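Each chain, letter by letter, is given below.
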Amino acid sequence: MAREKIYLEEVFPSPFMQLWGIFRKTPVAMVGFTSFIFLILLAIFAPLIAPYSPVDGNLDMILLPPAWHPDGDVSYLLGTDDLGRDMLSRLMYGTSLTFGLSFIVVIFSLVIGVIIGSLSALTKGVKSSFLNHFLDVILSIPSLLLAIIIVAILGPGISNTVWAIAIVFIPQFIHITRYAVKEEFRKDYVLASRLDGASNFRILYYSVFPNIVERLMSQATLAQSAAILDIATLGFLGLGAQIPLPEWGAILANGLERFYIAPWTVYLPGLAILFAVVATNLVGEGIRHALKLRKEN
Amino acid sequence: MLTFTLRRLTLFIFTMLVLTLLSFSLSFLFPGDTVINHSGQINATASELQLLNDAYQMDENIFSQYKAYLSHVLSGDFGQSMASQSPINHELKALLPATMELSLVALLIAMLTGIPLGFIAAIKHNKTSDNAILSLAMLGYSIPVFWLGLLAILLFSITLGWLPSAGQISLLFEIEFVTGIQFIDILLSDSPYKWQAFSNASAHIILPACVIALAPATIFIRLSRAAMIEVLAASYIRAARAKGLSFNQIIFRHAIRNALIKIIRHVGLQFANLVTIAMVTEVIFSWPGIGRWLIESIYQRDYTAIQSGLLVLSCFIFIVHILTDFIYAALNPLARGNKYGS
């Protein structure tokens, strides 16, 4: 009997797909990832699915408790605040402010930071050493303190907060990109493509970036959880989003005066912030865990 | 140790120069007239303004302006607050000790809870208690501090009524101002109600200090867990085990000492984070410290106060940073100066 000769083609998944394979098998990380996607979708589609306006109040329905309370009304699922505004709608719109803005801010800082970081990784000497020391000083200042300083210069307001936080997060991306690019440039595969005559930018784009993208993502999740907390804290202090805007920290500060009569106006935005930060951190932990496992294999 | 001290000293002087330069340039960045931002005299008449211009050498070039500003700061003159028109250095003298007291107590709580928990997690590496501690730690640094503060007030002050919710001490106690640090002032005073005052002040500090301590404590958990895992994998631990030392002996005589050194290095960096959290917490707990004062100055657009408050606060953070560096170097000979043969 003739024997079929079967040669199995060996498939090597790309580093990124290997990472995703490990990431997918961690249930906790997947819970975080699903919540993260849910928040992004909510941030985009909040105006379409929110049942009421976040700003206009219904004065007949002031300080209505959530629906599960005996005095609650099911048409206002999470109750209303002191001006009769629906809490659920405000929290939904708040997703696009607190979570959505922090996401955009981190992407913006990431792009700027990666550009400056990779350029600086290619330079040597005094310029590079100056940058290194300068970054060390900046990185040792907590992000919230730096954001407060910048808001103090620019004046309160949500747009100034966003700028301040974007500026604050650039240095850490510069630092990590610089470090990662320098480390990759010492490896043999970069030398191989250099011997093929590739220019620095070609090496960066085709060889180095695909190998450092996970590290940048892990740093981005760290930055985003800090950005959510910073936007909310500035909103709470009255330095960020101003009064009618449904930013989570600002909603919380707004509910503060009636904390004892209407505790849900303080519980719910706090829970929303906690949920968003935990989801982001779970994704980050998942990536770091997967990175560690991939290195060990 | 001498070279180490000299190097730290130059770093200190250099950073102080950068910080004063930053606060000097803030006067130009803030809206309004630069000399008024420097001095805070918003109601100055034309002749007073002329005097101020001379004092800050505003007609000279930027270097002499900076020099004039620096000499004002070094002689302790931060100008006056635009909002209250009282000298800022007097206000700072009353506020800074309160913040120091709160943040140092919080740091102590964070270290005393975070480090042992981290060690336990490392010893039980990859077991249930390790995972439980890690999950708690993640929850801890995800909670927004202002929300945690409010929940703590609601639970411990309103519902249970155990602890006071605001302020530094009950107004009934009259404590003479000596150092500004409440506990020392109470001990120095000769009031017959000294011990009642002491327990009252401790009851006031517990809640805000614990709220501030939570996030840094979770970071200490992670740091000490990583340090302990690294130490336990080292070969001198294996050698100790081979010698027949018991588990407790290994942990208490060898592992903890070496792991602690690695953690102390990060205390300075964590302290900056802690002070920022303390600023927010001071607002919630009406603590009469520099953080609350600074945030109120931002509301009132009191630029002179913002500028000097930031300068003093960052100096305080930096001095603590340098101090922890010294402690680290004193404990760990490897960190002092040049590594021979490397």
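The shown structure was predicted, so the numbers you read here are calculated from the model rather than taken from an experiment.

### Notes on the overall build of chain B
Piece 1. Summing up its helical and strand segments, chain B has 13 helices and 0 strands in all.
Piece 2. Its helices and strands in sequence order give chain B the pattern α-α-α-α-α-α-α-α-α-α-α-α-α, from N to C terminus.
Piece 3. C-alpha extents for chain B along the principal axes are approximately 85 × 60 × 40 Å.
Piece 4. For chain B, buried positions account for 48% of its 342 residues.
Piece 5. Contacts in chain B between residues at least 24 apart in sequence constitute 71% of all its contacts with a sequence separation of at least 6.
Piece 6. Of the roughly 17,100 Å² of accessible surface on chain B, 65% is carried by carbon and sulfur atoms.
Piece 7. Across chain B, the centroid of the 20 positively charged side chains sits 29 Å from that of the 18 negatively charged ones.

### Focus on unusual backbone geometry
When glycine is set aside, most residues are seen to have a negative phi, and most peptide bonds are trans.
All names here are of chain B.
Piece 1. With a phi angle near 45 degrees, S286 is a residue other than glycine that sits in the positive phi range.
Piece 2. By relative accessible area, S286 is classed as partly exposed at 30%.
Piece 3. Residues other than glycine seldom take positive phi values, yet R301 does so here, at roughly 50 degrees.
Piece 4. Mapping R301 onto the fold places it in the loop between helix 12 (290-299) and helix 13 (303-331).

### A short note on the pattern of salt bridges
Piece 1. Going through the model one piece at a time under the given rule, you end up with 13 salt bridges over all chains.
Piece 2. Here D82(A) makes a salt bridge to R258(A), at a shortest N to O gap of 3.1 Å. You can see D82(A) sitting in the loop between helix 2 (27-49) and helix 3 (87-122) and its partner R258(A) sitting in the loop between helix 9 (248-255) and helix 10 (264-296), a full 176 residues away along the chain.
Piece 3. R258(A) gets classed as partly exposed once you look at its relative accessible area, which sits at 24%.
Piece 4. Its salt-bridge partner being D130(B), residue R225(B) comes within 2.9 Å of it at the nearest N-O pair. With R225(B) in helix 9 (residues 194-232) and D130(B) in helix 6 (residues 128-142), this residue pair connects regions lying 95 residues apart in the sequence. Assigned by exposure class, R225(B) and D130(B) land together as buried.
Piece 5. Within this structure, E183(A), E184(A), K187(A) and R215(A) form a network of salt bridges that share partners.

### Some words on the interface of chain B and chain A
In many analyses, interface size is given as the accessible surface area lost on bringing the parts together.
Piece 1. The interface is formed by 34 residues belonging to chain B together with 31 residues belonging to chain A.
Piece 2. With both sides pooled, the region where chain B packs onto chain A buries about 2,900 Å², and carbon together with sulfur makes up 83% of that total.
Piece 3. The salt bridge partner of E285(A) is R222(B), with a shortest N-O separation of 3.1 Å.
Piece 4. Summed over the shared surface of chain B and chain A, the number is 4 residue pairs in polar contact (both at pLDDT 80 or more).
Piece 5. Within the residue set of the side of chain B that touches chain A, elements represented by two or more residues are helix 1 (2-29), helix 6, helix 7 (145-159), helix 11 (247-284), helix 12 and helix 13 of chain B.

### Overview of the nonpolar core
Side chains of nonpolar character tend, in soluble globular proteins, to be buried together.
Piece 1. Counting 158 residues, the largest nonpolar core has I273(A) and F146(B) as the members making the most contacts within it.
Piece 2. For this core, the element with the most residues is helix 11 of chain B, which contributes 16 residues.
Piece 3. Here I273(A) is in contact with I228(A), L229(A), A232(A), W248(A), G249(A), L252(A), P144(B) and F146(B), once residues within four sequence places are set aside.
Piece 4. Counting 13 residues, the second-largest nonpolar core is a separate cluster that includes V114(A), A121(A), V208(A) and I212(A).

### Details of the confidence of the model for chain B
Residues and elements named next belong to chain B.
Piece 1. Of all residues in chain B, 98% have pLDDT values of 70 or greater, and the mean over the chain is 83.
Piece 2. Of all secondary-structure elements in chain B, the lowest mean pLDDT belongs to helix 8 (residues 182-188), at 76, while helix 5 (residues 88-123) reaches the highest, 89.
Piece 3. Per the prediction output, this complex has pTM 0.85; the corresponding ipTM is 0.82.

### Points about helix 12 of chain B
Piece 1. Most of helix 12 of chain B is tucked away, with 7 of its 10 residues classed as buried.
Piece 2. Among all positions of helix 12 of chain B, only I290(B), G291(B), W293(B), L294(B), I295(B), S297(B) and I298(B) are buried.
Piece 3. Those residues of helix 12 of chain B hidden inside the fold are in contact with helix 5 (143-154) of chain A together with helix 5, helix 11 and helix 13 of chain B.
Piece 4. Remark: R301(B) follows helix 12 of chain B within two positions and exhibits a positive phi of approximately 50 degrees.

### Quick notes on the environment of I120(B)
Piece 1. Along the chain, I120(B) turns up in helix 5.
Piece 2. C-alpha of I120(B) to C-alpha of F24(B): the two residues are 96 residues apart in sequence and 48 Å apart in space.

### Notes on the domain arrangement of chain B
Residues and elements named next belong to chain B.
Piece 1. If you check the domain split of chain B, you get domain 1 (2-74) and domain 2 (92-336).
Piece 2. For domain 1 and domain 2, the distance between their C-alpha centroids amounts to 33 Å.
Piece 3. The partner domain 2 presents 16 residues to the 22 residues of domain 1 that form the contact.
Piece 4. Carbon and sulfur atoms make up 77% of the surface buried where domain 1 meets domain 2, a total of about 1,500 Å² over both sides.
Piece 5. Interface area lost by domain 1 to domain 2 is led by F4, R8 and F30, which between them contribute 34%.
Piece 6. Counting across the domain 1 and domain 2 interface gives 0 salt bridges.
Piece 7. For the pair domain 1 and domain 2, the number of links is 2 residue pairs in polar contact (both at pLDDT 80 or more).
Piece 8. Those elements giving two or more residues to the side of domain 1 that touches domain 2 turn out to be helix 1, helix 2 (34-39) and helix 4 (62-74).

### So, the packing of aromatic side chains
Piece 1. Per the counting criterion, the structure on display carries 16 aromatic pairs over all chains.
Piece 2. Their ring planes at 75 degrees and their centres at 5.4 Å tell us that F36(A) and F99(A) sit as a pair that is edge-to-face. Highlighted residues: F36(A) in helix 2 and F99(A) in helix 3, separated in sequence by 63 residues. For the pair shown, F36(A) and F99(A) are each scored as buried.
Piece 3. Where F24(B) meets Y69(B), the ring centres are 5.5 Å apart and the plane angle is 45 degrees; that geometry is what we call tilted. Taken as a pair, F24(B) in helix 1 and Y69(B) in helix 4 lie far apart in primary sequence, 45 residues in all. Here the two residues F24(B) and Y69(B) agree in accessibility, since each one is buried.
Piece 4. Through a chain of ring-to-ring contacts, three or more aromatic side chains come together here, namely F24(B), F28(B), Y66(B) and Y69(B).

### Brief notes about the side chain of T276(B)
Piece 1. Turning to its location among the elements, T276(B) is positioned in helix 11.
Piece 2. T276(B) sits in the buried class, given a relative accessible area of 2%.

### Considering the environment of D188(A)
Residues and elements named next belong to chain A.
Piece 1. Residue placement: D188 occurs in helix 7 (residues 188-195).
Piece 2. A relative accessible area of 63% means that D188 is categorised as exposed.
Piece 3. Here the alpha-carbon distance between D188 and Y52, two residues 136 residues apart in the chain, equals 59 Å.

### Looking at the packing of helix 7 of chain B against helix 11 of chain B
Residues and elements named next belong to chain B.
Piece 1. Viewed as axis vectors pointing N to C, helix 7 and helix 11 meet at an angle of 40 degrees, and their least axial separation amounts to 9 Å. Considering the angle they form, helix 7 stands oblique to helix 11. Crossing handedness for the pair helix 7 and helix 11: right-handed. Contacts between helix 7 and helix 11 involve V145, F146, G149, L150 and I153 from the first element and I277, V280, T281 and I284 from the second.

Quick notes on the rules
Residues numbered from 1 in each chain as written. Chains lettered and ligands numbered in written order. Predicted model: local features only at pLDDT ≥ 70, side-chain atom pairs only at ≥ 80, totals over all residues. Heavy atoms only, no water. Helix = DSSP H or I, 4+ residues; strand = E, 2+ residues; numbered from the N terminus. Buried < 20%, exposed > 50% of the residue type's maximum accessible area, 1.4 Å probe, protein only. Contact = heavy atoms within 4.5 Å. Areas by Shrake-Rupley, 256 points an atom, 1.4 Å probe, with all protein chains shown as cover. Lys, Arg positive; Asp, Glu negative; His and termini not counted. Charge placed at Lys NZ, Arg CZ, Asp CG, Glu CD. Salt bridge = Lys/Arg side-chain N within 4 Å of Asp/Glu carboxyl O. Buried area = accessible area lost by both parts, 1.4 Å probe. Polar contact = N/O pair within 3.5 Å; in protein donor to acceptor, adjacent residues only side chain to side chain. Core = buried A, V, L, I, M, F, W, Y, C linked by side-chain atoms within 4.5 Å. pLDDT = per-residue confidence, 0-100. Domains from an automatic or database assignment. Phe/Tyr/Trp six-rings, centres within 6.5 Å; stacked < 30°, edge-to-face > 60°. Axes fitted to C-alpha atoms, helices over the stretch in contact; angles between N-to-C directions. Parallel < 35°, antiparallel > 145°, perpendicular 65-115°, else oblique. Left-handed = near helix turned anticlockwise from the far one by under 90°.

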